[in-house]
Every structure is written in C-alpha cells, then in structure tokens.
Amino acid sequence: MIDFLNYAVLGILTGQLYAIVAMGFVVIYRASRVFNFAQGELIVLGGFIVWTFVMVFKLHPVIGALLSILAGALVGILIERLFFRRLVGRSVFAMVMVTIGMIILLRGVMLILWGAHERQFPAIFPLEPVIIGEIFIPSPLLASGFLSVVAALALHHFFNRSRAGLALSAVSEDHEVAQSMGISVRKSMALAWALGVSLSIVGAMTYLSGKTLTYNAAEIGFAALPIALLAGLESIRGLLLGGAIIGLIQGLTSAYIDPIFGGQASAIVPYLFMLGVLLIRPTGMFGWKIIERV
Amino acid sequence: MDPAGRFSKTYSADVALVRTRPQAVALVLTLIALLVFAFMGSPRMLSVLTSIFTAAIIAVGLQVTTGFAGQVNLGQAAFAGVGAYCTAFLAQRFSVPFYLVIPLSGFAAAGFGWIFGMAAVRIRGFYLALTTIAAQALFPFVILNLPSNWLGGSSGLTVPPATLGSWRLTSERDLYLMALVVGIVMVAGAFGIVRGRHGRAFLAVRDDELAAGMTGIAVARTKAMAFFVGAFYAGVGGALIAYQLRLVNTEGFTLFQSIWFIAMVIVGGLGSIVGGIVGAAAIRGVQEILSTIGPTLAGLLPLLGNSFVFAAMNVFLGGVIVAFLIYEPDGLMRRWSILKSQYRRWPFPR
C-alpha cells in the first residue's frame with residue numbers, strides 16, 4: 001500500500017513537471033494558434049542558459065535562475081522578431097512548419113555555442129528528498145508541483161482577467177480581425193513567445209536540476225504533448241489535472257507493468273492515451289469548441 | 001503558362017503529361033543521362049544518387065499527403081521504417097524475391113499509415129499531425145520491445161541481397177539501377193494519382209474541408225486515402241533503403257528523419273511532384289556535400305572540430321527551411337515557373 005502511494009505521488013508530481021513544459025505549448029498556442037513543435041529544443045536551450053549562468057558565471061542559483069528566465073523572455077522576443085513577425089496573417093500551416101524548421105536550426109545553434117558533450121546540470125533545488133510519513137519525495141519534483149500550480153493560477157488570471165491576456169486570445173482567433181480591432185498582433189505574439197520561452201526555462205530547471213544535461217532532454221517536449229492534448233490545448237488550469245492523470249498512469253505503469261513486460265511501456269503509455277483522447281474527444285477535457293460556419 | 005502559339009486540339013492533348021516536343025526531348029535525354037551515368041559514375045556518386053532516389057520516392061509520398069491533401073505528417077520516417085522492416089523480414093525469412101518484396105513493403109507501410117489516417121474520421125488539422133507523432137513514437141517502441149528473435153530488437157535485421165535469377169544486385173551500380181527503375185515507376189504513378197479523381201479530392205480537402213464535404217467528397221476517407229498513398233511511397237522507399245544498407249534498425253527512422261522529409265517537401269515546393277524530387281535532391285545533395293567537405297574543413301580549421309561542421313550543417317539546413325517558409329513559401333518550383341514564364345514573355349518580363 002505504501003509503495004502504491006509512493007508511486008502515485010511521484011507519478012502525479014512528475015506529471016506536474018510535464019505540465020509546466022506543456023504550459024509553454026499552451027501559452028504560445030493560445031496566443032497565435034501556432035503549435036510549437038520546437039518546445040523540446042527550447043527546454044534544452046533553457047537548460048544551457050541556466051547552466052551558463054550558474055556554472056560558467058558562478059552566479060548564485062536563485063539569481064542565475066531569475067536571470068535565465070529574463071534571458072528566456074529575450075529569446076522569445078528574438079524568435080518572434082526573426083520568424084513570426086514576418087508571418088503575421090499567413091497560414092497557420094506556414095507558422096507551424098517554421099517551428100519544425102526551428103527544431104533543426106536551434107539544435108545547430110546550440111551545438112555551435114555549447115558543443116556536443118554532456119554536462120552536469122547544477123542542483124537548483126536541494127538534493128535531499130522531503131519525507132512525509134513514509135513517502136519520499138525528491139525536492140525538484142515537489143518544487144515542480146508547487147511551481148506548476150503557481151504558474152497555472154497566474155497564467156489563468158493573466159489570460160482571463162488582464163487586458164493583454166484577453167488580447168492574446170483575440171489574436172489567436174484571427175490575426176486580421178484582431179488587428180482591425182486595434183490590437184497589435186506583433187506585440188501580442190512577442191509577449192506570447194516571451195512567456196512561452198520563459199516557461200520553458202522554468203521547465204528546464206525543474207526537469208534537469210541535479211541531472212546531466214544532454215540533447216536528449218528535448219524528448220520531454222514531445223512527452224508533454226499528451227498532457228496538453230488531454231487538457232485541451234487552450235486550457236491552462238486543465239494542465240494541472242491532465243498532468244496529474246497522465247503522470248499517475250505513467251508512474252503506475254512503470255512501477256507495475258514495466259517489470260512484467262521487460263520494456264519501457266511507461267514511455268509509450270502517454271502516447272496511447274493521447275491517441276485515445278484524440279479519437280474520443282479531440283478538444284480534450286477543457287478545450288474550446290470551435291463552431292465552423294461557411 | 002504555355003509557350004506562344006501552342007494550342008491543344010483535343011482534350012487528351014490538353015491533359016497530357018508531356019505536352020510539347022521540347023518537354024519530350026528533355027525527358028528522354030534526362031532518362032538516357034541517368035542510365036548512362038550508371039556506367040560512368042564512380043561508386044561513391046552512384047550511392048549518393050541512389051540515396052537521393054530513395055529520398056525522392058519518400059518525399060513524393062509526403063508530397064501527396066502534405067502537399068496535395070494538406071495533412072501534416074510527422075511520421076513519414078516511421079512509415080518508411082515499417083517498409084524497411086517488412087523488406088528485411090520477408091527477404092530474410094521467406095526469401096521472397098525483391099520485385100514482390102518492394103510492393104508488399106509498400107502495402108505494409110500503407111496499412112500502417114491508413115490506420116493513422118483513419119483517425120481523421122474525428123480529427124482534423126494539427127491534431128491529426130499529432131497522431132503521426134504518436135506513430136513515430138510507437139514505431140521504435142514496438143520494434144525494440146518485441147522478442148528479439150522476431151524483428152531483431154535493438155541490433156536490427158540483416159537483409160539478404162536482392163537477386164534476379166542468378167544476378168545478385170549488390171554493387172552500387174545494381175542498386176542505382178534498381179532505385180532508378182522503382183523511382184521512375186513511382187513518380188509516374190504519383191502523377192497519375194494526383195491528376196485523377198483522388199488527386200482532385202485531395203486538393204479540395206486541402207483547400208477547404210467543409211466545402212469539400214458539401215460537394216460530396218467523403219472527407220475522412222479522402223484523408224485516410226492520402227495517408228495510405230503517402231505511406232505506400234514511404235514503404236517502397238524504406239524497402240530500397242533496406243536493400244541498400246543491408247541492415248535495418250530503428251535508428252535510421254527517427255522523428256528527425258521525418259523532419260528532414262518535410263524539409264525536402266518545403267524546399268522543393270508544396271503541392272508539386274517534381275518539387276518533391278527537387279527538394280530531395282537539394283537537401284540530400286547539400287547534406288552529402290557538407291559531410292564530404294566537412295572533414296576537410298575540420299582539418300583546415302582544427303579549432304572548429306568535427307562537431308562544429310555537423311552543427312553548421314544543421315544551422316544551414318534549418319535556416320534554409322525557415323527562410324523558404326518566410327520568403328519563398330512555394331519552394332524552388334515556383335522560382336522555376338517564374339523563370340519559365342519570364343523567358344516566354346521576353347522581351348516583356350514580369
């Protein structure tokens with residue numbers, strides 16, 4: 001029983017970690033209808049930025065983390081300036097394809113700047129686990145749970161209550177209509193990308209804290225997809241629940257099914273789940289239903 | 001635009017694939033040149049061209065799915081992988097001759113693709129692209145987790161050489177000829193498909209799903225069909241890869257590979273069969289050139305090292321994709337048609 005509880009709690013908290021990564025998707029999607037396939041590479045980029053601030057410049061982890069988030073915002077604005085500013089009003093297809101091109105481009109840029117070898121990522125969060133009763137919780141996971149709740153509530157408030165957040169939703173509906181209503185599509189997209197990349201940096205910190213940093217970390221980008229889809233791509237608070245559900249399923253699969261199966265079924269279960277969600281309810285749990293008219 | 005003074009007198013002349021004498025001459029000369037090259041080219045050049053042909057077949061398939069039917073497919077490499085594994089399995093276990101293995105592999109991949117296209121009954125747009133990512137994720141998992149005496153697990157499967165009677169197709173020239181012949185058949189078939197009833201349905205679905213549905217096109221079935229055809233091409237390409245490398249494992253069919261195929265389609269020009277071929281030649285060509293001069297470059301500039309060259313290749317090609325999407329969204333084929341019409345309108349270009 002206590003084992004089961006341990007696995008469940010770990011799974012749910014790991015799910016929250018993926019939820020933070022998925023927030024990067026959702027923020028950008030909600031603002032521009034662009035599905036950012038390069039999210040995984042942004043996580044690796046975030047990892048390298050944090051590593052550079054903390055390990056090369058020898059900053060205190062907290063200061064390094066804050067500076068990295070700021071740097072992430074700048075990277076986001078740069079991406080918008082370089083690519084998406086020129087695509088305002090063009091088809092969604094072109095924009096999504098640009099994010100696919102960005103995967104290759106970002107990988108190359110990072111290889112040039114930081115090289116191919118793996119490195120030790122600084123422990124942003126303390127290494128010793130937190131023990132509640134008989135349940136062991138690694139601190140980075142606890143932090144990810146806390147951060148994802150805080151970030152989700154803040155973003156929810158931002159998108160539904162603030163003027164800038166509502167403008168983002170208008171932009172995602174239709175560039176031209178938003179433009180004609182006096183909303184600056186460019187500013188909104190820049191804001192969305194700045195937010196999205198900053199979130200990726202938070203995700204990178206919680207995901208990599210105390211681990212090794214390699215380019216394989218990009219896989220988390222696609223691992224977070226099922227959560228974003230389950231929640232419904234527009235819902236931010238839904239990510240918390242989506243993360244919990246998928247994390248729980250994945251955690252229990254890796255604990256009870258992997259040993260029997262002798263493989264890594266846990267790596268694939270989220271995708272199977274995603275396929276199921278897509279087939280039964282493509283808009284996820286809390287996604288917007290879009291009514292099409294001719 | 002047709003050259004001045006050319007008029008079709010019959011309907012069949014108007015829809016013919018080769019419409020003018022210069023076109024026919026160019027086509028025949030190209031085919032002769034490709035055939036002659038088999039006996040003139042160095043083995044290295046032949047193997048590069050073989051890989052361009054296989055990439056072109058796979059890219060043409062993606063062109064049908066993505067360029068014509070408008071369904072983003074991020075799993076083309078997985079479909080090719082299914083074809084390659086099917087080839088290895090049939091050729092190794094049952095010694096099926098290659099002229100049966102290649103179409104069978106195509107159908108195996110097509111069946112796999114069709115399953116994901118069937119998801120289109122309920123899903124549209126980029127959600128459908130996500131199911132293809134799931135295909136890409138499922139593919140290595142299934143292979144690696146099956147008992148290793150089935151599909152070889154992580155070490156992969158070896159492929160016996162293709163044989164025609166007593167002729168073993170093992171040299172670079174044999175493989176080149178095989179890829180050339182298969183490529184010609186597949187490209188001709190692609191032209192047939194996209195010009196026919198299905199091709200027009202693809203275009204209608206791409207341009208407006210709702211409107212296509214209202215004109216009586218079964219949208220979901222059309223999408224599934226587009227995946228079926230695209231995956232068939234991937235399977236055939238995968239079979240050729242299997243015969244060329246003689247070893248099949250999951251590492252040749254990753255998500256990154258799928259992205260490369262998309263890059264080929266974009267650079268060549270979406271919605272053009274020839275564009276798929278041009279894109280495959282351009283991207284594979286640049287990859288080959290960079291990996292050939294890479295070591296020399298690394299030798300000249302030891303400071304940069306080998307990984308730098310690889311990274312520069314990614315930056316260059318990633319930059320090319322993004323630049324094409326922003327500045328030349330219709331790819332190289334549009335540039336080509338602009339050049340053609342400017343030539344024809346001379347001395348009044350534009």
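Residues numbered from 1 in each chain as written. Chains lettered and ligands numbered in written order. Predicted model: local features only at pLDDT ≥ 70, side-chain atom pairs only at ≥ 80, totals over all residues. Heavy atoms only, no water.

Describing the overall build of chain A
Convention followed: By definition, any uninterrupted DSSP run of H or I lasting at least four residues is a helix, any uninterrupted run of E lasting at least two residues is a strand, and each is numbered from the N terminus. As defined in this context, the radius of gyration uses C-alpha atoms, and a globule is described by 2.2 Å times the residue total to the power 0.38. Accessible area is worked out with a 1.4 Å probe on protein chains only. A residue is then buried under 20% of its type maximum, exposed over 50%, and partly exposed in between. The contact rule is simple, with two residues in contact once any of their heavy atoms fall within 4.5 Å. Method for areas: the Shrake-Rupley scheme with a 1.4 Å probe, in which residue coverage is limited to the protein chains shown. Positive residues here are Lys and Arg, negative ones are Asp and Glu, while His and the chain termini are left out of the count. Taken as the charge centre is NZ of Lys, CZ of Arg, CG of Asp or CD of Glu, depending on the residue.
The helix and strand inventory of chain A stands at 12 helices and four strands. Here the C-alpha radius of gyration of chain A, 19 Å, is about what a compact globule of 294 residues would show, namely 19 Å. Referenced to the eigenvectors of the C-alpha coordinate spread, the extents of chain A come out at roughly 60 × 50 × 35 Å. Across the 294 residues of chain A, 60% fall into the buried class. Within chain A, contacts between residues at least 6 apart in sequence are counted, and of these 77% link residues at least 24 apart. Summed over all atoms, the accessible surface of chain A reaches about 12400 Å², with 69% contributed by carbon and sulfur. Distance between charge centres in chain A, computed from 18 positive and 13 negative side chains, equals 13 Å.

Let's talk about the overall build of chain B
The secondary structure content of chain B amounts to 15 helices and four strands. Over its C-alpha atoms chain B spans a radius of gyration of 21 Å, differing by no more than 12% from the 20 Å that the globule rule assigns to 350 residues. With respect to the principal axes defined by its C-alpha atoms, chain B has extents near 65 × 55 × 50 Å. Out of the 350 residues in chain B, the part that is buried amounts to 49%. Put simply, of all contacts in chain B between residues at least 6 apart along the chain, 76% involve residues at least 24 apart. Accessible area of chain B: about 16300 Å², with a carbon and sulfur share of 68%.

Re unusual backbone geometry
Cis geometry marks the peptide bond from tryptophan 346 of chain B to proline 347 of chain B; its omega dihedral reads 10°. For proline 347 of chain B, the position within the fold is in the segment after α15 (331–345). Of note, the phi angle at lysine 58 of chain A is positive, near 55°, even though the residue is not glycine. Here lysine 58 of chain A shows up in the loop between α2 (39–56) and α3 (61–82). At arginine 246 of chain B, a position not held by glycine, the phi torsion is positive, near 65°. Within the secondary structure layout, arginine 246 of chain B lies in the loop between α11 (219–245) and β4 (247–248). A relative accessible area of 32% means that arginine 246 of chain B is categorised as partly exposed.

Some details on the interface of chain B and chain A
Basically, it comes down to this: In this description, buried area is defined as the sum, over both parts, of the accessible area (probe of 1.4 Å) that is lost when the two are combined. Each reported salt bridge corresponds to a side-chain nitrogen of Lys or Arg within 4 Å of a carboxyl oxygen of Asp or Glu. For this classification, Asp, Glu, Lys and Arg are treated as charged, while Ala, Val, Leu, Ile, Met, Phe, Trp, Tyr, Cys and Pro are nonpolar and the rest, including Gly, are polar.
At the interface, 42 residues of chain B touch 48 residues of chain A. Summed over both partners, the interface of chain B with chain A comes to about 3900 Å²; 83% of that surface belongs to carbon and sulfur atoms. In terms of surface lost to chain A, no three residues of chain B exceed Phe126, Tyr127 and Leu130 of chain B, which account for 16% of the buried area on that side. At the boundary of chain B and chain A, one finds zero salt bridges. Of all the elements in the fold, those that place two or more residues in the side of chain B that touches chain A are α6 (126–145), α10 (209–214), α12 (255–268) and α14 (305–327) of chain B. With 14 residues, the top contributor of residues to the side of chain B that touches chain A is α14 of chain B. Taken together, the residues that form the side of chain B that touches chain A break down as 33 nonpolar, seven polar and two charged.

Concerning the UniProt feature "transmembrane region" (unreviewed entry) in chain B
Residue and element names in this part refer to chain B. The line we're drawing: UniProt positions are given in the numbering used here, feature names are shortened, and annotations may be inferred rather than shown by experiment.
When the UniProt feature table is mapped to this numbering, "transmembrane region" (unreviewed entry) covers residues 20–39, 46–68, 98–120, 126–146, 175–194, 224–243, 255–283 and 303–327. Helix makes up 95% of residues 20–39 and strand 0%, with an end-to-end C-alpha separation of 30 Å. In residues 175–194, helix accounts for 100% and strand for 0%; the two terminal C-alpha atoms are 28 Å from one another.

Re a nonpolar patch on the surface
All names here are of chain A. What counts here: Patch membership requires more than 30% relative accessible area and the absence of a salt bridge. Residues of like charge join within 9 Å; the nonpolar side chains Val, Leu, Ile, Met, Phe, Trp and Tyr join within 5 Å.
Residues Met1, Ile2, Phe4, Leu5, Tyr7, Tyr256, Ile257, Ile260 and Phe261 make up a contiguous nonpolar surface patch of roughly 920 Å² in combined accessible area. Of all the secondary structure elements, the ones that give two or more residues to the nonpolar patch are α1 (2–32) and α11 (237–261). When you line up the elements, isoleucine 2 lands in helix α1.

Focus on helix α6 (residues 163–173) of chain A
For α6 of chain A, the complete set of buried residues consists of Gly165, Ala167, Leu168, Ser169, Val171 and Ser172 of chain A. Tucked inside the fold, the buried residues of α6 of chain A contact α1, α5 (139–161), α7 (175–180) and α8 (185–208) of chain A.

Considering the side chain of serine 68 of chain A
Its place among the elements puts serine 68 of chain A in helix α3. Setting aside residues no more than four positions away along its own chain, serine 68 of chain A makes contact with Ile49, Val50, Phe53 and Ile201 of chain A.

A few points about the environment of proline 147 of chain B
Of note, proline 147 of chain B is situated in the loop between α6 and α7 (148–151). A sequence separation of 61 residues divides proline 147 of chain B from cysteine 86 of chain B, and the C-alpha atoms of the two residues are 16 Å apart.

Thoughts on the side chain of serine 148 of chain A
All names here are of chain A. By the element assignment, serine 148 lies in helix α5. Under the relative-accessibility criterion, serine 148 is labelled buried at 0%. Setting aside residues up to four positions removed in sequence, serine 148 forms contacts with Gln16, Ile20, Met23 and Leu240.

What about the pattern of salt bridges?
All names here are of chain B. Per the counting criterion, the structure on display carries nine salt bridges over all chains. Where arginine 335 meets glutamate 328, a salt bridge forms, and the shortest distance between an N and an O atom there is 3.0 Å. Residue class for arginine 335 comes out partly exposed when judged on its relative accessible area of 44%. Arginine 334 is the salt-bridge partner of aspartate 330, the closest N and O atoms lying 4.0 Å from each other. The exposure class assigned to aspartate 330 is partly exposed, which follows from its relative accessible area of 41%.

Quick notes on the environment of alanine 59 of chain B
Residues and elements named next belong to chain B. Here alanine 59 lies in helix α3 (residues 43–68). For alanine 59, a relative accessible area of 0% translates into the label buried. Each C-alpha atom, one on alanine 59 and one on glycine 268, is 9.6 Å from the other, the two residues being 209 residues apart in sequence. If we skip the residues at most four places from it in the chain, alanine 59 touches Met264, Val265, Gly276 and Ala280.

Things to note about the packing of helix α8 (residues 172–195) of chain B against helix α9 (residues 197–207) of chain B
All names here are of chain B. Inclusion rule: All axes are obtained by fitting lines to C-alpha atoms, using only the stretch in contact for helices, and the reported angles, taken between N-to-C directions, cover 0 to 180 degrees.
Taken N-terminus to C-terminus, the directions of α8 and α9 make an angle of 65°; their axes are 4 Å apart at the nearest point. Along the contact surface, α8 presents Ile193, Val194 and Arg195, while α9 presents Arg197, His198, Gly199, Arg200 and Phe202. In terms of residue class, the contact of α8 with α9 is built from three nonpolar, two polar and three charged.

Quick look at the confidence of the model for chain B
Detailed reading of the predicted model is not advised wherever pLDDT is low. What counts here: pLDDT expresses how confident the predictor is about each individual residue, on a scale running from 0 to 100.
Scored by pLDDT, chain B comes out at a mean of 88, with 97% of its residues at no less than 70. Model confidence for the complex: the whole-complex pTM is 0.89, and ipTM, which rates the interface, is 0.83.

A look at the nonpolar core
Definition in use: Buried Ala, Val, Leu, Ile, Met, Phe, Trp, Tyr and Cys residues form a nonpolar core when they are joined through side-chain atoms within 4.5 Å.
Ranked by size, the top nonpolar core spans 209 residues in total, and within it Phe37 and Phe84 of chain A together with Met178 and Tyr243 of chain B carry the most contacts. Broken down by element, the residue count for this core peaks at 15 residues, all from helix α4 (residues 92–114) of chain A.

Here we look at α12 of chain B
Since the α-helix advances by 3.6 residues per turn, residues separated by three or four positions end up pointing in the same direction. Residues and elements named next belong to chain B. Condition: One less than the residue count of a helix, multiplied by 1.5 Å, gives the span that helix is expected to have.
The terminal C-alpha atoms of α12, which comprises 14 residues, lie 20 Å apart, in line with the 20 Å expected from a rise of 1.5 Å per residue. Buried residues dominate α12, accounting for 12 of its 14 residues. Every buried residue belonging to α12 is among Leu255, Ser258, Ile259, Trp260, Phe261, Ile262, Ala263, Met264, Val265, Ile266, Val267 and Gly268, and all of these are buried. One or two residues past the end of α12 sits glycine 269, with phi positive at roughly 125°.

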